[in-house]
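Secondary and tertiary structure notes
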Amino acid sequence: MNTAVQVVNTRIGIVTATDLEQDQSFTRTLGEITSPNARMQCRNINVWYANKQAIKDVSLDIGKHEVVAMIGPSGCGKSTFLRCLNRMNDTIPIARVNGSIKLDGKEILDRGIDVVPLRAQVGMVFQKPNPFPKSIYENIAYGPRIHGLTTSRTELDELVEISLRRAGLWNEVKDRLNQAGTGLSGGQQQRLCIARTIAVSPEVILMDEPCSALDPIATAIIEELIDELRAHYSIAIVTHSMQQAARVSQRTAYFHLGDLVEVGPTEQIFNQPQHKLTEDYITGRFG
Amino acid sequence: MNISLLLLAILAMMVLAFQVGRNRAVRVVGGHSHIRHLHSLPAYYGYYAALWVGIPALLLVLLWIGLQERVITILVVEQLPPSLTVALSDGHLSLLINDIKNLATGNITSGKITSEIQAAADHYHQLQSFASIGLWSLVFSIAGLGMSIAWHRTQPAFRARNRVESILLLIMILFSSLAILTTLGIVLSVLFESIQFFQKISWTEFFFGIQWSPQIALRADQVGASGSFGAIPLFTGTLLISGIAMLVAVPIGLLSAIYLSEYASTRVRSIAKPILEILAGIPTVVYGFFAALTVAPLIRDWGEAIGLTVASESALAAGLVMGVMIIPFVSSLSDDVINAVPQSMRDGSYALGATQSETVRRVIFPAALPGIVGGVLLAISRAIGETMIVVMAAGLAANLTANPLASVTTVTVQIVTLLTGDQEFDSAKTLAAFALGLTLFVVTLMLNVIALHIVRKYREQYE
Ligand SMILES: Nc1ncnc2c1ncn2[C@@H]1O[C@H](COP(=O)(O)OP(=O)(O)OP(=O)(O)O)[C@@H](O)[C@H]1O
Ligand SMILES: [Mg+2]
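None of these values were measured; they are calculated from a predicted model. (Residues numbered from 1 in each chain as written. Chains lettered and ligands numbered in written order. Predicted model: local features only at pLDDT ≥ 70, side-chain atom pairs only at ≥ 80, totals over all residues. Heavy atoms only, no water.)

Examining the overall build of chain A
Regarding its fold elements, chain A presents 12 helices and 11 strands. Relative to its full complement of 287 residues, chain A shows a buried share of 54%. Split by element, the accessible area of chain A, about 12,500 Å² in all, is 49% carbon and sulfur. (Helix = DSSP H or I, 4+ residues; strand = E, 2+ residues; numbered from the N terminus. Buried < 20%, exposed > 50% of the residue type's maximum accessible area, 1.4 Å probe, protein only. Areas by Shrake-Rupley, 256 points an atom, 1.4 Å probe, with all protein chains shown as cover.)

As structure tokens, this is what we get:
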């Protein structure tokens, strides 16, 4: 991970004139940041960890029924940006965020906004599957319970089943709903976490490298799932796998050292990247 | 004096042997530049020589100390004229021997000094100086023998490091088995004394009797000659006080642990945690007089103000103070297990829109619960075994009551009172202390085993 960053630095250290121009032109991200059918609109987001700026003036839309992939070298701020979208950065005392993020036209970065309903609307799946040490059933029922989404046991049972079905896990676990969620395989655990997120009926699902702890088969199942989930949700996914970004996303955003360098339709980013840094990254010259 | 000088001499010889052994090793391969031809570093040959010089000599000294006195005594007694010993019982003989020894070392004797006794004392004295010379010369020759063995073995191919290390290993095993054997010895002696007790008093009376008054009469015909040894009042007293202590310690300890690990800022935490842990460092005797002199009178005054009768040494006072003492136990153990709950659990819960208190109650607490239970069990076993506070604050009356305002007594207090003062070692009264001790030991051991099992199982869950 360090080597990647170092390579980036040395590249910038021996820059050509055009590189330099491009480096300084980060005030404007290349490509189309807006989405015609935007669910979330982020404008001029800056994030600092103590005095270190991790995200610099990033603007990006996430459209309805759209999967946006975020790629870039390690440490470039993908996770940080993703965590702005459901204000998970609030849990990090030294993190400071400014800018504007609108969910369905409503500002969510205001201090006065309650994060509880926001996080129900913008769910998150983490890199490492993190089921609670409870039964499979209780894992799914956790969110609906704290938000009071159901009024009766049968309703809750239904919700659990629907969520597990959507996450493609129902058939595998329907006979052992009372067993511990931590006893599932890694891929099943990750789908359990997705089901848990779905259970509170969010509008947006954020995924931070959801497959990096999984084997290729489990990865393929999750990727397929993401494609199906697009029908109901907006999805922002961070990934280190270029192929994965190409397979699951409609738009791709390339981050570099806290800047959003380039964003556009996935096909275009991978076939005709406009920025040199993007091209270097996706052709595997570093990262 | 003689012996410590000898030990010093052995030590000096070991140092010398080390130097000689090391130098010899270097010389055997022809100087420092050829050290790599040696199997081990030169110092190991030095240690090897030192061990050969020291260990046999030390063993000899140990053996000698154990036997010298006995052998000399036998020799002296054999030399006594038959007229002096023939009519003596064992007890008188040992008195006589004592006199001889005292005379020999220049102490005051009890009887009159006859010429025979004087002769025996001289003989004794003489034997002792012989023995001393013998020991010294034997030690030196054994050390010299050891040195020459080490000297001859010091060859380039000799694996001195492996030898030295296996000897050290042996010594370590010896010492650690010493510790284990001591523990075993204590347990066994308590066990045997308890068995003696249960031969005098039936175990049903002990475990199910509700009357505790362990008075044994001085004369057999005294009124109430047989005490009664029903330990139930002690058990209930112990339970009552421990229960009160846990009622104080568990909520306070747990809530402070949750506050410190989940809510407090790092600044508050860095200040509050050490302060809380200071509580664990206060000597229990200080808690004891705090309970007896401050808390107990306070409770009595308050109780009387609202018209309750409160004993001046109430279970409540002892329990409250003991609870305060145990708070840091519960809080630091709970703090550990709460911190062991991975951050990803918290993140997962927050990301679903849970508030902090929901996360604590529904995710962190259940996840940490087994560990917390383990911690509480450890605290209970600590409370049951606690002695000082209850001795000072709980009183001696073995009342069978659940009233926290009454005076009760505990197992540990009774052990202390049974064994303080002059005792016969085979009376039921004294032996009862061992039976109580054994019961206490078994209960706390069981609690600890269960607690450790739970804690360990819980630890594995996230690893
Ligand atoms: N909690 C934190 N405290 C301080 N600095 C942080 C914290 N989290 C992230 N950073 C810093 O912010 C920068 C961006 O980190 P971030 O985790 O967003 O990178 P990333 O693109 O997700 O990297 P990766 O691909 O390795 O996950 C990094 O330089 C990192 O060191
Ligand atoms: Mg990341």
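A look at the overall build of chain B
The helix and strand inventory of chain B stands at 16 helices and two strands. Here the C-alpha atoms of chain B give a radius of gyration of 33 Å, more than 25% beyond the 23 Å that 2.2 N^0.38 yields for 463 residues. Dimensions along the principal axes, computed over C-alpha positions, put chain B at roughly 85 × 80 × 35 Å. Relative to its full complement of 463 residues, chain B shows a buried share of 39%. Considering only residue pairs separated by 6 or more positions, chain B has 74% of its internal contacts joining residues 24 or more positions apart. (Rg over C-alpha atoms; globule rule 2.2 N^0.38 Å. Contact = heavy atoms within 4.5 Å.)

Focus on the interface of chain A and chain B
Counting from both sides, the interface comprises 22 residues of chain A and, opposite them, 19 residues of chain B. When chain A packs against chain B, close to 1,600 Å² is buried across both sides, 66% of that on carbon and sulfur atoms. For the chain A face of the interface with chain B, the top three residues by lost area are P133, Y142 and I146 of chain A, together amounting to 32%. The interface formed by chain A and chain B includes zero salt bridges. Summed over the shared surface of chain A and chain B, the result is four residue pairs in polar contact (both at pLDDT 80 or more). Elements supplying a minimum of two residues to the side of chain A that touches chain B: helix 4 (115-121), strand 7 (122-125), helix 5 (136-147) and helix 8 (186-198) of chain A. A class-by-class count of the residues in the side of chain A that touches chain B yields 12 nonpolar, six polar and four charged. (Buried area = accessible area lost by both parts, 1.4 Å probe. Salt bridge = Lys/Arg side-chain N within 4 Å of Asp/Glu carboxyl O. Polar contact = N/O pair within 3.5 Å; in protein donor to acceptor, adjacent residues only side chain to side chain. Nonpolar A, V, L, I, M, F, W, Y, C, P; charged D, E, K, R; others polar.)

A short note on the sheet that holds strand 6 (residues 106-107) of chain A
Residues and elements named next belong to chain A. Sheet architecture is open: four strands sit in the order 3-2-5-6, paired in antiparallel fashion. Each of the sheet's edge strands pairs with one partner strand only, and the pair in question is strand 3 (52-63) and strand 6. Note that strand 2 (residues 38-49) and strand 5 (residues 95-103) share eight bridges and pair antiparallel. Residue Y49 lies in a different strand from strand 5, and its bridge partner there is A95. Together, strand 2, strand 3 and strand 5 form the strand contacts of helix 3 (residues 78-85), whose direction differs from that of strand 2 by roughly 125 degrees. (Pairing = 2+ DSSP bridges. Axes fitted to C-alpha atoms, helices over the stretch in contact; angles between N-to-C directions.)

Some words on the domain arrangement of chain B
Once the domains are mapped, chain B shows domain 1 (3-158) and domain 2 (228-462). Each of domain 1 of chain B and domain 2 of chain B was reduced to a C-alpha centroid, and the two centroids are 53 Å apart. (Domains from an automatic or database assignment.)

With respect to the UniProt feature "domain: ABC transporter" (unreviewed entry) in chain A
Following the UniProt record, the feature "domain: ABC transporter" (unreviewed entry) maps to residues 40-282 of chain A here. Regarding residues 40-282 of chain A, the helix share stands at 38% and the strand share at 27%, and the terminal C-alpha atoms are separated by 26 Å. (UniProt positions renumbered as here; feature names shortened; annotations may be inferred.)

Some details on a nonpolar patch on the surface
Residue and element names in this part refer to chain B. A surface patch of nonpolar side chains, amounting to about 800 Å² of accessible area, comprises L168, L169, I171, M172, I173, L174, F175 and L178. Assignment of secondary structure puts L169 in helix 6 (residues 160-200). For L169, a relative accessible area of 48% puts it in the partly exposed group. (Patch = residues over 30% accessible without salt bridge, like charges linked within 9 Å, V, L, I, M, F, W, Y side chains within 5 Å.)

Quick look at unusual backbone geometry
Residues and elements named next belong to chain A. For A50, which is not glycine, the phi torsion reads 50 degrees and is therefore positive. Among the secondary structure elements, A50 is positioned in the loop between strand 2 and strand 3. Of the residues examined, A50 reaches a relative accessible area of 40% and is grouped as partly exposed. For E209, which is not a glycine, the phi torsion comes out positive at approximately 45 degrees. Tracing the sequence through the fold places E209 in the loop between strand 8 (204-208) and helix 9 (216-229).

Examining the packing of aromatic side chains
Centre distance and the angle of the planes are the two values used to describe a pair of aromatic rings. Residue and element names in this part refer to chain A. Following the criterion strictly, the structure yields 18 aromatic pairs over all chains and no others. Considering the side-chain rings of F81 and F255, the 5.5 Å spacing of their centres and the 45 degrees angle between planes classify their relative orientation as tilted. With a gap of 174 residues between them, F81 in helix 3 and F255 in strand 10 (residues 251-256) connect regions that are remote in the sequence. Assigned by exposure class, F81 and F255 land together as buried. For the ring pair F132 and Y142, a centre distance of 4.7 Å and an interplane angle of 55 degrees mean the geometry is tilted. With F132 in the loop between strand 7 and helix 5 and Y142 in helix 5, this pair connects stretches of sequence that are 10 residues apart. You'll find F132 and Y142 in the same group, each marked buried. Positioned above the aromatic ring of F132 is the side chain of R196, whose terminal nitrogen or guanidinium carbon lies 4.4 Å from the ring centre. (Phe/Tyr/Trp six-rings, centres within 6.5 Å; stacked < 30°, edge-to-face > 60°. Lys NZ or Arg CZ within 6 Å of the ring centre and 35° of its normal.)

A word on helix 6 of chain B
Spanning 41 residues, helix 6 of chain B covers 60 Å between terminal C-alpha atoms, matching the ideal 60 Å at 1.5 Å per step. Among all positions in helix 6 of chain B, only A160, V164, V190, S194 and F197 of chain B are buried. (Expected span 1.5 Å × (residues − 1).)

Things to note about the pairing of strand 9 (residues 234-238) of chain A
Residues and elements named next belong to chain A. Within strand 9, five of the five residues are buried, which leaves the element mostly enclosed by the surrounding structure. The alternating pattern of strand 9 places S234, A236 and V238 and I235 and I237 on opposite faces, both of which are buried. One ladder, built from four bridges, connects strand 4 (residues 67-71) with strand 9; its direction is parallel. Note on strand 9: the bridge partner recorded for V67 is I235. With five bridges connecting them, strand 8 and strand 9 associate as parallel partners. Bridge pairing in strand 9 places L206 opposite A236.

Overview of the environment of N98 of chain A
Residue and element names in this part refer to chain A. As for its position among the elements, N98 is in strand 5. In this structure the C-alpha to C-alpha distance between N98 and M124, which are 26 residues apart in sequence, comes to 21 Å. Ignoring sequence-local partners within four residues, the contact set of N98 consists of N44, I45, N46, W48 and L109.

Regarding the pattern of salt bridges
Overall, the coordinates contain 17 salt bridges over all chains when judged by the stated rule. Its salt-bridge partner being D61 of chain A, residue R43 of chain A comes within 2.9 Å of it at the nearest N-O pair. Linking R43 of chain A in strand 2 with D61 of chain A in strand 3, this pair joins segments that are 18 residues apart in sequence. Two residues, E69 of chain B and K101 of chain B, come together in a salt bridge whose shortest N-O distance is 3.4 Å. Separated by 32 residues along the polypeptide, E69 of chain B in helix 2 (residues 42-79) and K101 of chain B in helix 4 (residues 90-105) bring together distant segments of the chain. Looking at E69 of chain B, the relative accessible area reads 33%, which means it is partly exposed. Taking relative accessible area as the criterion, K101 of chain B reaches 23% and is therefore assigned partly exposed.

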